[in-house]
Amino acid sequence: MSEPIIAGVDGSRAALAAVLWAADVAARRACDLRIIHVMAPPVHGGKPYERPLDDAAREEGERMLAEAAALATESRKDVHVSSELLYGHTTEILRAQAVEAEAIVVGSRGLDGFPGLLLGSVGLGLAGHVAGPVVVVHGAPAIVQGEIVAGLNPDDAVHPALDYAFEEAQARGARLRVVHAWDMPSSRPDQEIITQAQQERARSVLAPWTNRHPRVEVTVSVVRGNPVAALCEASARADLVVVGSRGRGVIRSAVLGSVSHGVLHYASCPVAVVRPRIRTD
Ligand SMILES: Nc1ncnc2c1ncn2[C@@H]1O[C@H](COP(=O)(O)OP(=O)(O)OP(=O)(O)O)[C@@H](O)[C@H]1O
Ligand SMILES: [Mg+2]
């Protein structure tokens, strides 16, 4: 049996959209769905209690879990759904839980934050910190597009996004659009030749995945311009955008590269940020 998909809930609409998305993926992958709500334990004298004393808060947490579980079961009757109330710091607890999960799914926003905030602290605290896919869902998807988008930089040493992107495309019977954006002055006369060469490089990097997933229809888009803009533009016609957690940018120590960071904020569909499960650097 594969590991479960985890969804985090806080009573917000975005979290329920994350639950529905997670239930759908769990059904396709034939794995269980675990819904988690994390409660901060009450603090007394600067120290958290072992157990929360506030029954009202616990009941409220249990009510929101029951609502989320009922929604998941109603949407996908074939999925085994469980729920759990845990105590502690939300991001820390979810990071620990994600170690034994197929993927962890959260809403882009929750109940806190402020109007106009694009990405809450939980999505930001998980993406790049957790090995495997972290999926951030921005509201309920309107229609099924039948396309998954993956960002590719052929210069990267590893391509953790490709495993998940190909698996999801195969599980959904969706097309896969691999987007590679590159930037250089428009005055260069050899742009056609460079685009052609980039296409070929991308195709050769993709070869192991296309061989493993012969039924996935793959399109390679080589785009001149900023990668965040190119991926967000493609996200308007996609069901999911998949990116790695970090490329080979200037700040090597950063957990989240600028492309993943930008896509998480501005994409118009759910975003999966994938960090390799085994450290390769
Ligand atoms: N206590 C929690 N337990 C489990 N999942 C949570 C919890 N809080 C938030 N989440 C998950 O994270 C998502 C984003 O919420 P998040 O808290 O990051 O944003 P926010 O409340 O808008 O802003 P802030 O970062 O100020 O809290 C939610 O949709 C939900 O999926
Ligand atoms: Mg919050």
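Residues numbered from 1 in each chain as written. Chains lettered and ligands numbered in written order. Predicted model: local features only at pLDDT ≥ 70, side-chain atom pairs only at ≥ 80, totals over all residues. Heavy atoms only, no water.

## Overview of the site of ligand 1
Part 1: For ligand 1, the set of nearby residues contains 22 residues, the closest of which are Gly8, Arg109, Gly110, Ser121 and Val122.
Part 2: Backbone polar atom of alanine 15 to an oxygen atom of ligand 1: 3.4 Å apart, as the coordinates give it.
Part 3: Within the side chain of serine 121, a nitrogen or oxygen atom sits 2.6 Å from an oxygen atom of ligand 1.
Part 4: Taking 610 Å² as the accessible area of ligand 1 by itself, protein coverage stands at 90%.
Part 5: Sorting the residues of the shell around ligand 1 by element identifies helix 1 (13-29), strand 2 (33-39), helix 3 (90-98), strand 6 (103-107) and helix 4 (121-126) as the ones contributing at least two each.
Part 6: Among the elements that take part in the shell around ligand 1, strand 2 stands out by supplying three residues, more than any other.
Part 7: Counted by class, the shell around ligand 1 contains ten nonpolar, nine polar and three charged residues. (Near = heavy atom within 4 Å. Polar contact = N/O pair within 3.5 Å; in protein donor to acceptor, adjacent residues only side chain to side chain. Areas by Shrake-Rupley, 256 points an atom, 1.4 Å probe, with all protein chains shown as cover. Helix = DSSP H or I, 4+ residues; strand = E, 2+ residues; numbered from the N terminus. Nonpolar A, V, L, I, M, F, W, Y, C, P; charged D, E, K, R; others polar.)

## Digging into unusual backbone geometry
Part 1: Non-glycine residue alanine 30 carries a positive phi angle of around 55 degrees.
Part 2: Its location among the elements puts alanine 30 in the loop between helix 1 and strand 2.
Part 3: Accessibility expressed as a relative area gives 56% for alanine 30, which makes it exposed. (Buried < 20%, exposed > 50% of the residue type's maximum accessible area, 1.4 Å probe, protein only.)

## What to know about helix 7 (residues 227-235)
Part 1: Taken together, the buried positions of helix 7 are occupied by Val228, Ala230, Leu231, Cys232, Ala234 and Ser235.
Part 2: Summarising the contacts, the buried residues of helix 7 are in contact with strand 8 (147-151), strand 9 (175-182), strand 10 (218-224), strand 11 (240-244) and helix 8 (258-266).
Part 3: Where helix 7 begins, the capping side chain belongs to asparagine 226, and its oxygen is found 2.8 Å from the backbone nitrogen of valine 228. (Contact = heavy atoms within 4.5 Å.)

## Comments concerning the pairing of strand 9
Part 1: By the criterion of burial, strand 9 is predominantly enclosed, with six of the eight residues buried.
Part 2: In the sheet, strand 8 pairs with strand 9 via five bridges, with the strands oriented parallel. Across the sheet, residue alanine 150 finds its bridge partner in strand 9, namely valine 178.
Part 3: Of the crossover connections in this fold, the one passing from strand 8 over helix 5 (residues 160-172) to the parallel strand 9 is right-handed.
Part 4: In the sheet, strand 9 pairs with strand 10 via seven bridges, with the strands oriented parallel. Bridge pairing in strand 10 links histidine 180 to valine 222. (Pairing = 2+ DSSP bridges. Right-handed = clockwise from strand over helix to strand, strands pointing away.)

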